[in-house]
4 protein chains.
Amino acid sequence: MADRINRHTSGVYIIAATPFTDQGAIDHESLRRLVDFYIGHGVTGLTILGMMGEANKMTGDERRAVIDTVLARTGDLPVVVGVSDPGLGNLTNLASYAMDEGAAGVMVAPSAGPAREDRIEGYFHAVCEALGPDVPVCFQDFPLATGLPVSPALIRRLSQERAQIVMLKHEDWPGLTKITQLRKQEEAPEVARLSILCGNGGLYLPQELQRGADGAMTGFAYPEALVQTVALHQAGRVDEAEDLFDRYIPILRHEQQPGFGLAVRKYVLMKRGAITSAATRAPGPKMSAMDAAETDRLMARLEARLADRL
Amino acid sequence: MADRINRHTSGVYIIAATPFTDQGAIDHESLRRLVDFYIGHGVTGLTILGMMGEANKMTGDERRAVIDTVLARTGDLPVVVGVSDPGLGNLTNLASYAMDEGAAGVMVAPSAGPAREDRIEGYFHAVCEALGPDVPVCFQDFPLATGLPVSPALIRRLSQERAQIVMLKHEDWPGLTKITQLRKQEEAPEVARLSILCGNGGLYLPQELQRGADGAMTGFAYPEALVQTVALHQAGRVDEAEDLFDRYIPILRHEQQPGFGLAVRKYVLMKRGAITSAATRAPGPKMSAMDAAETDRLMARLEARLADRL
Amino acid sequence: MADRINRHTSGVYIIAATPFTDQGAIDHESLRRLVDFYIGHGVTGLTILGMMGEANKMTGDERRAVIDTVLARTGDLPVVVGVSDPGLGNLTNLASYAMDEGAAGVMVAPSAGPAREDRIEGYFHAVCEALGPDVPVCFQDFPLATGLPVSPALIRRLSQERAQIVMLKHEDWPGLTKITQLRKQEEAPEVARLSILCGNGGLYLPQELQRGADGAMTGFAYPEALVQTVALHQAGRVDEAEDLFDRYIPILRHEQQPGFGLAVRKYVLMKRGAITSAATRAPGPKMSAMDAAETDRLMARLEARLADRL
Amino acid sequence: MADRINRHTSGVYIIAATPFTDQGAIDHESLRRLVDFYIGHGVTGLTILGMMGEANKMTGDERRAVIDTVLARTGDLPVVVGVSDPGLGNLTNLASYAMDEGAAGVMVAPSAGPAREDRIEGYFHAVCEALGPDVPVCFQDFPLATGLPVSPALIRRLSQERAQIVMLKHEDWPGLTKITQLRKQEEAPEVARLSILCGNGGLYLPQELQRGADGAMTGFAYPEALVQTVALHQAGRVDEAEDLFDRYIPILRHEQQPGFGLAVRKYVLMKRGAITSAATRAPGPKMSAMDAAETDRLMARLEARLADRL
């Protein structure tokens, strides 16, 4: 069984897409292929059933089936499972299922409601109470999607009071200063380290690493770019890391379009052979012929750029 | 079997709460009692699994069980079923189940995403395509909760192009002018009438009726107030309708607090004997002792006011 | 000169409308009449240039002219001046002008930006630094308008660290529990009392007083209702206070419609003779003939209700 | 005098920053130098007093002074003036001043309020009425900042009904499909062309040009990148345009951070000698030492990349 996430987890946890058939059913064959694709490109772990995994359009049975398929394929590779849900009962049930099956931890975003920090704080305490203290939690901080910005002080307070909140999925935007503030807090001896993995498609990954992030938890369709950037950075080859990363920015920023970017991502994954259909579940974004040609062009330009370097 | 909703439906469709036990399970015994309570107070129909029914915290199985229990109890009384869901497949499946069981129609709010009217329009067309033309649809227009304000022109366009969109659950705020605009549009011979039932806890019900609304679709814990107001209004006794209604405003406005109001509503329903526990599902609002005393006071004041009149 | 606001201020600070001519100019004659109207109905103080005073549609010169006219008329009556502005320099300049002219304090809402409490906290510290420690500040907590909900802990922290933050304009919704929480905090000896005056049109004023609020700071066109409710409550005649208040709720809830309510308020003030024109500045809400008739009806109903009691 | 903007305007209208001294005063000397800097880098025109020009933190007098200084320096170069304001009177007055001084047109974003398209449509009609038909208007479509997404149909309707609405500042995100939709509409003979200049820092400029945009209206601190990209594209050298552009993306995406990006932009402009101080007006973003070092690094990397190519 895979190790669980902890306060020192680092590397690249790829946010896995969920492949569907053109008719909208979960395509488990593609899902296995996609897991192999991610593993083949060297990721440290997977995060499944996140926002970009379209979990909110699945039934409970479907979510459990995705967990089954992925965990049967990943072996020792750690898998974090997104369990955010409007209902705490549903959240807890899915988390229990995932942990029993061998997940490395769960990811939770603040529940909908006013952006009052006391409410969000109370929510995470309730989540931890309901999960029990043994389930490692990754706090997903993604205000662009949740509408709920939070201060570093709140994240720290929760992480200090709840030993199980070991990781931050960092995707506030702008968010570079937040990393610096969180790392600065950890200079005090009584403050426990947080693992910080960065999202937002990885758009600022070199800067985030340079400010102390431990890696990436995001879903770029070229996972090797994230993997190599983090590896080079960890090896102290900071400039090389950024040189490599910068070659991918043009297509990465294209994939990073809110909402629509998921269609681009799945299209690229399909073109790269990782999944059979690029379909998203309705109501989800769709690629037009022009969108496809535009993405083809960006892919071809990337390949040419990478070939130059070789 | 009950009649389906149509463009001339009027009266009071009470938004039904979902009773839970203190442990969070659906309390079907209370649900039956609650249905009897509503029927006993003269409602025209029920709307179940709406936002105030906490549907988004239930599993699919639980939603179907609620449909079963309610429809087994309502007989000829029409029941509209809220089917809003982030996934179109889940929405359609629940709608099919509900219609097969004898529901009178389904209620759909715009899906989350940007407030662009072309997107919302496309969404409702996709919903209607997926449901098929025989399922009557109530458009829930509740910007305070969805963050998606829409113009009367959009509602009308959809209702003209999709014969099955027969009803508006009107809860824009302010929204009185919207009713007037919609009724004005209907003076053109090619424009099909829309049934307009008003939400927002009924806070402006007399004004809404005076502007041409057909009744209420909302969830006040004193359904008899809604029923009598609409009945008096329909009988042409406009002043009496408003006199009666005004006596309930103090507690109605207390129940109308966003989010928290659900706890008040369930508390009053419990005190009135309609349900056993006032619990909402986590994360839901909870009543403190002070909240309860405050509501007790408002209930007592209402009773005294009503007694004066007798 | 009037007393400044402090941590024990109580009573009714009426949010003053700004009268315009039908052509959109500030109508200073009406403004004087309106001040007399408010004073004649017994208000404790005035708050000018707030959101409902349409300050954001005025030039700096016009704001200063309003301050001049009002302060020349109010004598010993304290006047709080809304100084919220996207720029801190503009805010400070207007505050200095107002205080020099004899204002009792200034009112500031959080500046636009993400709802991160650390950002809002930093903003109020910057405001206090820029104002200097001698200017009393009222913190306007109005999330429905600002999009910035804040926790009681943040309000308290600011009020403890900045002696000049002496008052809360409370208009969170729901907000009753917030009052209770703030008063509970004050049981600790090191915590300084805050004056809490309630907004939101006064919709929950009796409940707010019963939970420990010091009065109202809001803009109902029947200021005597607010004044008498607070006076009766302060005299320990809690039931009478609520009896009186409840008679006004039907029209109060009509005036409380977001955005549009300002047109209702100005229309009622015009009908009551307090101002000459009900015009709001463009782009502002306008009353249709139907809106006017509807409001006339609500006014007539109120008068009949009040006459019954006499 | 410069030509006015029209439906065929193309090129790069740089969104001009407003330089302030460290004490917060407008630095007119730097403003002149900045104008020269922009002109020296080949821009087609300037847009002043936009959101990134911090116009909302200035007084009316200051805005007029900025207009004076810039128009005295630009000669034949067209200057668009941002005139958005909560009050229609203020908006009109500033627009009149700007046009009298020789501005090429005005830019207006939808006013704050609900995202109902009928409201926004009515607002722009009121704006055009108030401006009179001779003032060319650029519709700023920036939902990330205004919270007001609009459909292409609304933009087109306004542009058809109001001959003066000649230009779209396109910064919806994602927005590529919107350009395609707008250009598609223009295939109908009765539809008048719109000039489309793209914002969002230029993050997708090559794609936008390839879909039919006429250029850029945005504020990157390397205006030459925008100018050369547009020029190469217009010369039919599409690949070269994108090759050139891609070299700038790493720093462009850094400058594109919402809110904070303005501090980066002003810092780079200062380092490039265009302005004396990088200060933004309070409450505005500030660069820490780490932020500065990070930006220095990105600037150095850009210079190295550009040198390689030469």
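Please read all numbers here as calculations on a predicted model, not as lab measurements.

S.K.: Run through the UniProt feature "binding site: pyruvate" (unreviewed entry) in chain A, naming residues and quoting values.
M.R.: All names here are of chain A. Those residues carrying the UniProt feature "binding site: pyruvate" (unreviewed entry) are Met217 in this numbering. Position of methionine 217 among the secondary structure elements: in strand β8 (residues 215–218). If we skip the residues at most four places from it in the chain, methionine 217 touches Tyr13, Ile15, Thr47, Val80, Met107, Cys138, Met167, Lys169, Leu197, Cys198 and Gly199.

S.K.: I'd like a description of the relation of the copies chain A and chain D, backed by residues and values.
M.R.: In the superposition of chain A on chain D (RMSD 0.0 Å, axial shift 0.0 Å), the rotation amounts to 180°. When the rotation and shift are considered jointly, the pair of chain copies conforms to a two-fold rotation axis. Rotation axis and chain A: the residue whose C-alpha lies nearest the axis is Ile249(A), separated from it by 3.6 Å. Mapped onto chain D, 100% of the interface residues of chain A again fall at the interface, so both copies present the same surface.

S.K.: Describe the packing of helix α1 (residues 28–40) of chain C against helix α2 (residues 60–74) of chain C, listing the residues and the values that go with them.
M.R.: Residue and element names in this part refer to chain C. Across the interface, α1 lies against α2 with an axial gap of 10 Å and an inter-helix angle of 40°. In terms of orientation, α1 and α2 fall into the oblique class. The chirality of how α1 crosses α2 is right-handed. Mapping the contact onto sequence places His28, Leu31, Arg32, Val35, Asp36 and Ile39 in α1 and Ala65, Val66, Thr69, Val70, Arg73 and Thr74 in α2. Of the residues that constitute the contact of α1 with α2, the class distribution is six nonpolar, three polar and three charged.

S.K.: If you had to explain the interface of chain C and chain B to someone new, which residues and values would you point to?
M.R.: Taken together, the contacts link 33 residues of chain C with 33 residues of chain B. Where chain C meets chain B, there are 16 salt bridges. For Asp246(C), the salt bridge goes to Arg305(B), with nearest N and O atoms at 3.3 Å. Elements represented by at least two residues in the side of chain C that touches chain B include exactly α7 (176–185), α8 (205–210), α10 (238–255) and α12 (289–309) of chain C. Among the elements that take part in the side of chain C that touches chain B, α10(C) stands out by supplying 10 residues, more than any other.

S.K.: Help me get a handle on the packing of helix α4 (residues 117–131) of chain A against helix α6 (residues 152–161) of chain A, residues and values and all.
M.R.: All names here are of chain A. Running from amino to carboxyl end, α4 crosses α6 at an angle of 25°, the nearest separation of the two axes being 11 Å. Relative to α6, α4 is oriented roughly parallel. Along this stretch, α4 crosses α6, giving a crossing that reads as right-handed. Where α4 abuts α6, its residues Glu117, Ile120, Glu121, Phe124 and His125 lie against Leu154, Arg157, Leu158 and Glu161. Here the contact of α4 with α6 is built from residues that sort into four nonpolar, one polar and four charged.

S.K.: Mind laying out unusual backbone geometry, listing which residues take part and the relevant values?
M.R.: Note that the residue after Ala282(A), namely Pro283(A), is joined by a cis bond; omega there is -5°. Backbone geometry places Glu54(C), a non-glycine residue, at a positive phi of 60°. Examined against the element boundaries, Glu54(C) turns out to sit in the loop between β2 (45–48) and α2. Not every positive phi belongs to a glycine, and Asn200(D) is a case in point at roughly 60°. Within the secondary structure, Asn200(D) is located in the loop between β7 (195–198) and α8 (205–210). For Asn200(D), a relative accessible area of 8% corresponds to the buried category.

S.K.: Could you give an account of the sheet that holds strand β3 (residues 79–82) of chain B, naming the residues involved and the relevant values?
M.R.: All names here are of chain B. With parallel pairing, eight strands are arranged side by side around a closed barrel as β1-β2-β3-β4-β5-β6-β7-β8. Neighbouring strand axes in the sheet, compared pairwise and without regard to direction, differ in orientation by 25° on average. Pairing of strand β5 (residues 137–141) with strand β6 (residues 165–170) involves five bridges; the strand directions are parallel. Bridging across to β6, cysteine 138 finds its partner in methionine 167. Running over the sheet, helix α2 (residues 60–74) touches β2 (45–48) and β3 and is turned about 175° from β2.

S.K.: I'd love a proper account of the interface of chain A and chain D, names of residues and values included.
M.R.: Contacts between the two partners involve 33 residues from chain A and, on the opposite side, 33 residues from chain D. Both faces combined, the contact of chain A with chain D buries some 2,900 Å², and carbon together with sulfur accounts for 51% of it. The largest contributions to the chain A side of the interface with chain D come from Trp173(A), Arg253(A) and Arg297(A), which together make up 22% of the buried area. In this structure, the connection of chain A to chain D is made through 16 salt bridges. When the shortest N-O distance is used, the salt bridge between Glu294(A) and Arg211(D) registers 2.8 Å. Top element by residues in the side of chain A that touches chain D is helix α10 (residues 238–255) of chain A. It accounts for 10 residues. Here the side of chain A that touches chain D is built from residues that sort into 15 nonpolar, seven polar and 11 charged.

S.K.: Describe the pairing of β7(D), listing the residues and the values that go with them.
M.R.: Residues and elements named next belong to chain D. Here β7 shows two buried faces, one formed by Ser195 and Leu197 and the other by Ile196 and Cys198. Pairing analysis gives four bridges linking strand β6 (residues 165–170) to β7, with the strands arranged parallel. Bridged to methionine 167 within β7 is serine 195. A crossover links β6 with its parallel partner β7, the connecting element being helix α7 (residues 176–185), and its sense is right-handed. The pairing of β7 with strand β8 (residues 215–218) spans two bridges and is classified as parallel. Each residue of the ladder has a partner; that of leucine 197, found in β8, is glycine 215. As a crossover connection, the stretch from β7 through α8 into β8 is right-handed.

Calculation criteria
Residues numbered from 1 in each chain as written. Chains lettered and ligands numbered in written order. Predicted model: local features only at pLDDT ≥ 70, side-chain atom pairs only at ≥ 80, totals over all residues. Heavy atoms only, no water. UniProt positions renumbered as here; feature names shortened; annotations may be inferred. Helix = DSSP H or I, 4+ residues; strand = E, 2+ residues; numbered from the N terminus. Contact = heavy atoms within 4.5 Å. Least-squares fit on C-alpha atoms with pLDDT ≥ 70 in both. Axes fitted to C-alpha atoms, helices over the stretch in contact; angles between N-to-C directions. Parallel < 35°, antiparallel > 145°, perpendicular 65-115°, else oblique. Left-handed = near helix turned anticlockwise from the far one by under 90°. Nonpolar A, V, L, I, M, F, W, Y, C, P; charged D, E, K, R; others polar. Salt bridge = Lys/Arg side-chain N within 4 Å of Asp/Glu carboxyl O. Buried < 20%, exposed > 50% of the residue type's maximum accessible area, 1.4 Å probe, protein only. Pairing = 2+ DSSP bridges. Buried area = accessible area lost by both parts, 1.4 Å probe. Right-handed = clockwise from strand over helix to strand, strands pointing away.

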